[in-house]
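Survey of secondary and tertiary structure
Each chain, letter by letter, is given below.
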Amino acid sequence: MKRKLHRIQYLRGLAAVLVLLTHVTITLNERLQYRFADNVFLSGYMGVDLFFVISGFIICYTHYSDFGVRERLGSYYVRRFTRIYPVYWLVLIPVIAFNFAVPSYGDGFERELSEIVQSWFLIPESHQPILRVAWTLWHELLFYVLFGMLFIRNRNPKLLVGAALGWGALSAGSMFIQDRGFWLWSEYLFSPHNLEFLAGCGIAVLLRRDKLSARAAYWALGLGIVLFFASWANEYWLHESIPRALAWGIPSFLLVAAASAWPDSARSSPNRLFAYLGDASYSIYLVHLLAIHLLYQVFNRLNLFAQLGNLTMVTACAAGALIGGCLFYSLIEAPIMKRLKHRIAAQKKLKLGSVNPAAEG
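Small disclaimer: the values here were computed from a predicted structure and weren't measured.

Turning to the confidence of the model for the protein chain, a few remarks are in order. Looking at the protein chain, the pLDDT average stands at 90 and 91% of residues meet or exceed 70. Between residues 357-361, whose pLDDT stays under 50, and residues either more than four places distant or in other chains, the model counts 1 contact.

Should the sulfur atoms of two cysteines be covalently bonded, the bond is a disulfide. Tallied over the full model, the rule gives 0 disulfides. No disulfide involves Cys 60; its sulfur sits 4.4 Å from that of Cys 201, the nearest cysteine. Here Cys 60 falls in the buried class, since its relative accessible area comes to 3%. Free of any disulfide, Cys 326 has its nearest neighbouring cysteine sulfur in Cys 317, separated by 16 Å. Residue classification places Cys 326 among the buried residues on the basis of a relative accessible area of 12%.

Note on placement: Glu 140 falls in helix H5 (residues 135-148). With 88 residues separating them along the chain, Glu 140 and Phe 52 place their C-alpha atoms 7.6 Å apart. Non-local contacts of Glu 140, meaning those with residues more than four positions away in its chain, are made with Phe 51, Phe 52, Ser 55 and Phe 197.

Another point: unusual backbone geometry. Most peptide bonds take the trans configuration, and most residues that are not glycine carry a negative phi. With a phi angle near 50°, Ala 37 is a residue other than glycine that sits in the positive phi range. The topology assignment puts Ala 37 in the loop between helix H1 (6-32) and helix H2 (46-62). Residue Ala 37 is classed as partly exposed on the basis of its relative accessible area, which comes to 32%.

Under the criterion given, the structure shown has 29 aromatic pairs. Each ring, one from Trp 89 and one from Trp 120, has its centre 5.0 Å from the other, and the planes form 5°; the classification is stacked. One end of the pair, Trp 89, is in helix H3 (residues 73-101); the other, Trp 120, is in helix H4 (residues 113-120), and 31 residues separate them in sequence. Of the residues examined, Trp 89 reaches a relative accessible area of 25% and is grouped as partly exposed. A ring pair is formed by Tyr 296 and Phe 305, whose centres lie 5.5 Å apart and whose planes are at 45°; its orientation type is tilted. Given the relative accessible area of 9%, Tyr 296 is considered buried.

Turning next to helix H11 (residues 249-261). If you check H11, its first and last C-alpha atoms are 18 Å apart, about what 13 residues at 1.5 Å a residue would give, namely 18 Å. Here H11 lies mainly inside the structure; 11 of its 13 residues are buried. Here H11 has its buried residues at Gly 249, Pro 251, Ser 252, Leu 254, Leu 255, Val 256, Ala 257, Ala 258, Ala 259, Ser 260 and Ala 261.

Here we come to the side chain of Ser 281. One can find Ser 281 in helix H13 (residues 281-301). For Ser 281, a relative accessible area of 1% puts it in the buried group. When near neighbours in sequence (up to four residues on either side) are disregarded, Ser 281 contacts Arg 12, Gly 13, Ala 16 and Phe 51.

Right, let's get into the pattern of salt bridges. Throughout the structure, instances matching the rule amount to 8 salt bridges. The partner of Arg 72 in a salt bridge is Asp 66, and the shortest N-O contact between them spans 2.3 Å. Residue Arg 72 is classed as partly exposed on the basis of its relative accessible area of 39%. Accessibility expressed as a relative area gives 7% for Asp 66, which makes it buried. Residues joined by salt bridges that share partners form a network here, namely Asp 107, Glu 110 and Arg 132.

Compared with an ideal rise of 1.5 Å per residue, which puts 29 residues at 42 Å, H3 spans 42 Å between its outermost C-alpha atoms and is within 8% of the ideal. A maximum bend of about 30° is found in H3 at Trp 89.

Phe 57, Tyr 88, Leu 122, Leu 131, Phe 147, Val 256 and Leu 286 are the most contacted members of the largest nonpolar core, which has 90 residues in total. If we ignore the near neighbours within four places in the chain, the residues touching Leu 131 are Tyr 88, Val 91, Leu 92, Val 95 and Leu 286. Core analysis: the next-biggest nonpolar cluster, separate from the first, contains 6 residues, Leu 18, Phe 228, Trp 232 and Trp 248 among them.

Attention shifts here to the environment of Val 91. With respect to the helices and strands, the residue Val 91 is situated in helix H3. According to the relative accessible area criterion, Val 91 is buried, its value standing at 3%. Between the alpha carbons of Val 91 and Val 287 there is a distance of 6.7 Å; along the sequence they are 196 residues apart.

Turning to a nonpolar patch on the surface, a few remarks are in order. A cluster of nonpolar side chains, contributed by Leu 90, Ile 323, Leu 327, Leu 331 and Ile 332, occupies part of the molecular surface with about 460 Å² of accessible area. Considering every element that reaches the nonpolar patch, the biggest residue donor is helix H15 (residues 310-355), with 4 residues. When you line up the elements, Ile 323 lands in helix H15. Overall, the relative accessible area of 51% leaves Ile 323 in the exposed class.

What follows covers the packing of H5 against helix H8 (residues 193-208). The interhelical angle for the contact between H5 and H8, taken along N-to-C directions, is 50°, at an axis separation of 11 Å. As summarised for this structure, H5 and H8 are arranged oblique, according to the angle between their axes. When the axes of H5 and H8 are compared, the crossing they make is right-handed. Contacts between H5 and H8 involve Trp 135, His 139, Glu 140, Leu 142, Phe 143 and Phe 147 from the first element and His 193, Asn 194, Phe 197 and Cys 201 from the second. Along the lines of polarity and charge, the residues of the contact of H5 with H8 split into 6 nonpolar, 3 polar and 1 charged.

Rules used throughout
Here the residue numbering is sequential within each chain, running from 1 through the sequence in written order. pLDDT decides what is reported in this predicted model: residues at 70 or higher carry local features, side-chain atom pairs at 80 or more are listed and counted, and totals for whole chains, interfaces and linings draw on all residues regardless. Hydrogens are left out, water is left out, and the side-chain values use all remaining heavy atoms of the structure. One number per residue, pLDDT, summarises how confident the predictor is, and it ranges from 0 to 100. Here a residue-residue contact requires only that any non-hydrogen atoms of the pair lie within 4.5 Å. Any pair of cysteine sulfurs within 2.5 Å is marked as a disulfide. With a 1.4 Å probe rolled over the protein chains alone, any residue whose accessible area is under 20% of its type maximum counts as buried; one over 50% counts as exposed, and the rest are partly exposed. Each helix corresponds to a stretch of at least 4 residues labelled H or I by DSSP, and each strand to a stretch of at least 2 residues labelled E; elements are numbered beginning at the N terminus. Classification of ring pairs uses Phe, Tyr and Trp, with its six-membered ring standing for Trp, and accepts pairs whose centres are within 6.5 Å; under 30 degrees between planes counts as stacked, over 60 as edge-to-face, and the remaining range as tilted. Helix span is expected to be 1.5 Å times the residue number reduced by one. Salt bridge criterion: a side-chain nitrogen from Lys or Arg within 4 Å of a carboxyl oxygen from Asp or Glu. The angle between axes fitted to the seven residues ending at a residue and the seven residues starting there is what we call the bend at that residue. Put simply, a nonpolar core is a bunch of buried Ala, Val, Leu, Ile, Met, Phe, Trp, Tyr and Cys residues held in one set by side-chain atoms that sit within 4.5 Å of each other. Put simply, a patch holds well-exposed residues, over 30% relative accessible area, that have no salt bridge, with like charges counted together within 9 Å and Val, Leu, Ile, Met, Phe, Trp or Tyr side chains within 5 Å. For the accessible areas, the method is Shrake-Rupley and the probe is 1.4 Å, while residue cover comes only from the protein chains on display. The axes are straight lines fitted to the C-alpha atoms, using for helices just the contacting stretch, and the angles between their N-to-C directions are given from 0 to 180°. We call two directions roughly parallel when the angle between them is under 35 degrees, roughly antiparallel when it is over 145, roughly perpendicular when it lies between 65 and 115, and oblique otherwise. The sense of a crossing depends on the near helix, which, turned anticlockwise from the far helix by less than a right angle, makes the crossing left-handed and, turned clockwise, makes it right-handed. Each residue is assigned to one class: nonpolar for Ala, Val, Leu, Ile, Met, Phe, Trp, Tyr, Cys and Pro, charged for Asp, Glu, Lys and Arg, and polar for all the others, Gly among them.

What follows is the structure, given as structure tokens:
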């Protein structure tokens with residue numbers, strides 16, 4: 001990872017933990033009628049918005065020099081799809097099995113073959129997928145596919161800006177449409193979440209062109225924190241209706257801008273714990289909801305909620321889900337991704353050798 005991006009990893013870890021805290025609050029509130037931490041973590045779902053801005057930034061920053069290079073399009077899609085699907089499938093399989101073993105766990109549709117196929121391939125639906133958190137992957141994949149189109153044409157600023165503005169305008173307009181009509185178009189292709197991916201891309205372009213100064217990073221951090229807590233306070237006390245892409249997308253944009261442009265000192269080094277949580281964020285995100293349900297079932301059967309108290313055991317569920325996600329990353333995701341990267345690199349090397357046998361001497 002480039003030196004400038006290690007703070008982005010911190011934000012990825014923070015986003016995963018915030019989503020986890022939201023789900024442990026909601027899930028166990030429903031089962032225990034208990035307000036964990038007085039429901040202060042209900043707004044932690046904004047971790048998803050932070051994820052989307054980070055994704056837009058990472059993809060654009062990493063592939064900024066690939067615009068117009070058609071030869072790299074295939075390898076880009078291979079890397080993106082292998083980043084999403086294999087680990088996702090390994091989590092989805094036990095979730096599907098759990099729905100068959102405990103029919104009361106889901107809403108009923110989880111055992112239908114058509115629903116399993118759609119969830120397997122992450123085909124968008126009008127309701128949540130079998131693995132509830134996977135709805136965000138619908139938007140990730142859409143962004144990956146559309147971003148890949150930039151590899152096809154030469155770098156043309158007017159064309160790129162025009163296309164981004166058009167997609168962004170349609171996506172922004174959907175925030176204010178009450179009757180959304182055809183779901184696939186209004187909720188997916190032109191979702192307001194697209195603005196968050198574009199915001200991340202904008203940060204990447206500015207950073208690549210050295211347009212983000214240390215002073216800008218300081219201002220972005222300060223304003224981002226203020227707006228973050230303002231949105232949190234609004235949802236906790238005021239309950240004013242503000243479009244999500246504005247309430248949480250703008251603070252996320254500012255925090256990512258600050259993290260990417262923050263100046264490094266010669267003595268500073270990445271925090272290993274925060275960097276690890278960032279690395280493990282995808283596993284934590286995919287695994288945590290299933291882990292929360294399983295831990296609740298175990299603790300409830302052992303009557304630990306009554307014996308040790310709701311606060312202790314809900315906290316234990318949150319900690320256990322976090323640890324479970326980290327273990328899944330260290331024992332499963334990281335080894336699998338390492339093996340896949342080696343295999344992809346080997347195939348690429350073999351392909352290059354077959355195209356140019358003279359290169360071998």
